[in-house]
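The primary structure of each chain is shown beneath.
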2 protein chains.
Amino acid sequence: MLTIGKLGEAAGVKVPTIRYYEQIGMLPPPERSQGNQRLYTGKALDRLTFIRHARDLGFPLEAIRELLGLSDTPNQPCAAVDQIARRQLAAVKARIARLTALEAELERMLEQCGCGNIADCRVIEVLGNHELCAHDHAASEDKA
Amino acid sequence: MLTIGKLGEAAGVKVPTIRYYEQIGMLPPPERSQGNQRLYTGKALDRLTFIRHARDLGFPLEAIRELLGLSDTPNQPCAAVDQIARRQLAAVKARIARLTALEAELERMLEQCGCGNIADCRVIEVLGNHELCAHDHAASEDKA
DNA sequence: CTTGAACCTATAGCTACTAGAGCACTTAGG
DNA sequence: CCTAAGTGCTCTAGTAGCTATAGGTTCAAG
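A quick note: this is a predicted structure, and the numbers were derived from the prediction, not measured.

(A) Expanded view of the relation of the copies chain A and chain B. Placing chain A over chain B gives an RMSD of 0.1 Å and needs a rotation angle of 180°, together with 0.0 Å of translation along the axis. What we have between these two chains is a two-fold relation. Taking the C-alpha atom as reference, chain A places Ile96(A) closest to the rotation axis, 2.9 Å from it. Of the interface residues in chain A, 98% have counterparts in chain B that sit at the interface too, so the contact is made through matching surfaces.

Okay, here's the thing in structure tokens:
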């Protein structure tokens, strides 16, 4: 039986995050000690490790919830699992594409700046006038 | 003089967002009509366009606030502007690097999945066990 | 004059946590 | 046995950058 601190250490998750996961139903409420402290089993550690890893791979909590549900039905075909992973991969690819465009635009801006006065700073100028942009980076979602 | 709707249309920013920007001090409170409706000048449009564009390039609002402050002092050297842009570029590069690692990991996971039962689904297995990963994608910040 | 679109304020919600206040419990040393 | 440090508890509020909703007012066209 693990205290919340040990569990967090073992899974690489901060203690408040574990309580948060419990609160939103990602982790089942564990047993409590006589003094009302949470006591976790190895199963809880597995589940939390799974969550942590999926989070590291960028899966949103909702997707992880689905994956956890699916992993409880081992005899089903894994097409649904695949689909979630593919969706995530597509999201990652889209973000990379967008960020690469931003990177190019930022580099162009910086190269062109002669670093004189702000009055003729290329960075400020470009920001004020989209026409000066090489690409159309104006898509929404995934700012930064 | 533009109403908030026209302003939003012209700058490509939604109306509630404009009001939000005013609330947090990114835009000065404009004049009001007799009926208490906001009336904007061309200057406000310039400022909002600047904000919009910088947001599209991923600058956080705090950085944009700095840039707007700097653009009001045109006779200063633009080193400070450059520094903000460079910081943003570095952040974008870091995100791209991280996302590229995630992309590789997700692709590896999906390739290896024979798409049979969930019981032997590679995706579920990898998520449960970090040891099966090729890279160390466990850095924090910028999930997804 | 009436209708409908566009405006107003205020509040709450979104993701995924993180930080803080103010307590209770647990454990190792004396 | 006692005490102090460390860990745990609950609850609330805050982060970024909006978005949505409710319930009301104003404006422009017909």
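(B) Examining the protein's contact with DNA strand D more closely. In the vicinity of DNA strand D lie 18 residues, with Gly5(A), Arg19(A), Arg38(A), Tyr21(B) and Arg55(B) positioned nearest. At the protein interface, 89% of the atoms of DNA strand D within 4 Å belong to sugar or phosphate. At 3.2 Å from a phosphate oxygen of DNA strand D is found a main-chain nitrogen or oxygen belonging to Gly35(B). Mapped onto the surface near DNA strand D, the elements with two or more residues apiece are helix H1 (4-11) of chain A together with helix H2 (15-23) of chain B.

(C) Inspection of the nonpolar core at higher detail. The biggest cluster of nonpolar side chains holds 84 residues, and the ones touching the most others in it are Phe59(A) and Phe59(B). Excluding residues within four positions of it along the chain, Phe59(B) makes contact with Leu106(A), Leu127(A), Ala54(B), Ile64(B), Leu67(B), Ile84(B), Ala85(B) and Gln88(B).

(D) Quick look at the packing of aromatic side chains. All names here are of chain A. Enumeration over the complete set of coordinates arrives at two aromatic pairs over all chains. Ring geometry for Tyr20 against Tyr21: centres 6.0 Å apart, planes inclined by 45°, an arrangement best described as tilted. Tyr20 sits in the partly exposed class, given a relative accessible area of 39%. Relative accessible area serves as the criterion here: at 8%, Tyr21 is assigned to the buried category.

(E) Summary view of the interface of chain A and chain B. Chain A puts 59 residues into the contact, and the matching count from chain B is 58 residues. Here chain A meets chain B over a buried area of about 5,100 Å², counting both sides, of which 70% is carbon and sulfur. Across the contact surface, chain A and chain B share four salt bridges. Linking chain A with chain B are ten residue pairs in polar contact (both at pLDDT 80 or more), by the criterion used here.

(F) Main features of the state of the cysteines. Counting across every chain of the model gives zero disulfides over all chains. Free of any disulfide, Cys121(A) has its nearest cysteine sulfur in Cys78(B), 3.7 Å distant. You can call Cys121(A) buried: its relative accessible area is 2%. Given the relative accessible area of 0%, Cys78(B) is considered buried.

(G) Looking closely at the protein's contact with DNA strand C. Near DNA strand C you find 17 residues, and of these Thr17(A), Tyr21(A), Gly5(B), Arg19(B) and Arg38(B) are the closest. A distance of 2.9 Å is found between a phosphate oxygen of DNA strand C and a side-chain nitrogen or oxygen belonging to Thr17(A). Separating a phosphate oxygen of DNA strand C from a side-chain N or O atom of Thr3(B) is a distance of 3.1 Å. Listed by contribution, the elements that provide at least two residues to the surface near DNA strand C are helix H2 (15-23) of chain A together with helix H1 (4-11) of chain B. Tallying contributions element by element places H2(A) first for the surface near DNA strand C, with three residues. Considered class by class, the residues forming the surface near DNA strand C number five nonpolar, seven polar and five charged.

(H) Structural detail: unusual backbone geometry. Positive phi outside glycine occurs at Asn36(A), with the angle close to 75°. Mapping Asn36(A) onto the fold places it in the loop between strand S1 (31-32) and strand S2 (38-39).

(I) Structural context of the pattern of salt bridges. All names here are of chain B. Scanning the entire structure with this criterion turns up 17 salt bridges over all chains. For Asp82, the salt bridge goes to Arg86, with nearest N and O atoms at 2.8 Å. Separated by four residues within a single helix, Asp82 and Arg86 lie in helix H5 (residues 79-112), roughly one turn from each other. Residue classification places Asp82 among the buried residues on the basis of a relative accessible area of 3%. Among the ionic pairs, Arg108 bridges to Glu105, the shortest N-O distance being 3.3 Å. Pair noted here: Arg108 and Glu105 are both in helix H5, with a separation of three residues, about one helical turn. Using a relative accessible area of 1% as the deciding quantity, one classes Glu105 as buried.

Definitions and limits used
Residues numbered from 1 in each chain as written. Chains lettered and ligands numbered in written order. Predicted model: local features only at pLDDT ≥ 70, side-chain atom pairs only at ≥ 80, totals over all residues. Heavy atoms only, no water. Least-squares fit on C-alpha atoms with pLDDT ≥ 70 in both. Contact = heavy atoms within 4.5 Å. Near = heavy atom within 4 Å. Polar contact = N/O pair within 3.5 Å; in protein donor to acceptor, adjacent residues only side chain to side chain. Helix = DSSP H or I, 4+ residues; strand = E, 2+ residues; numbered from the N terminus. Core = buried A, V, L, I, M, F, W, Y, C linked by side-chain atoms within 4.5 Å. Buried < 20%, exposed > 50% of the residue type's maximum accessible area, 1.4 Å probe, protein only. Phe/Tyr/Trp six-rings, centres within 6.5 Å; stacked < 30°, edge-to-face > 60°. Buried area = accessible area lost by both parts, 1.4 Å probe. Salt bridge = Lys/Arg side-chain N within 4 Å of Asp/Glu carboxyl O. Disulfide = S-S within 2.5 Å. Nonpolar A, V, L, I, M, F, W, Y, C, P; charged D, E, K, R; others polar.

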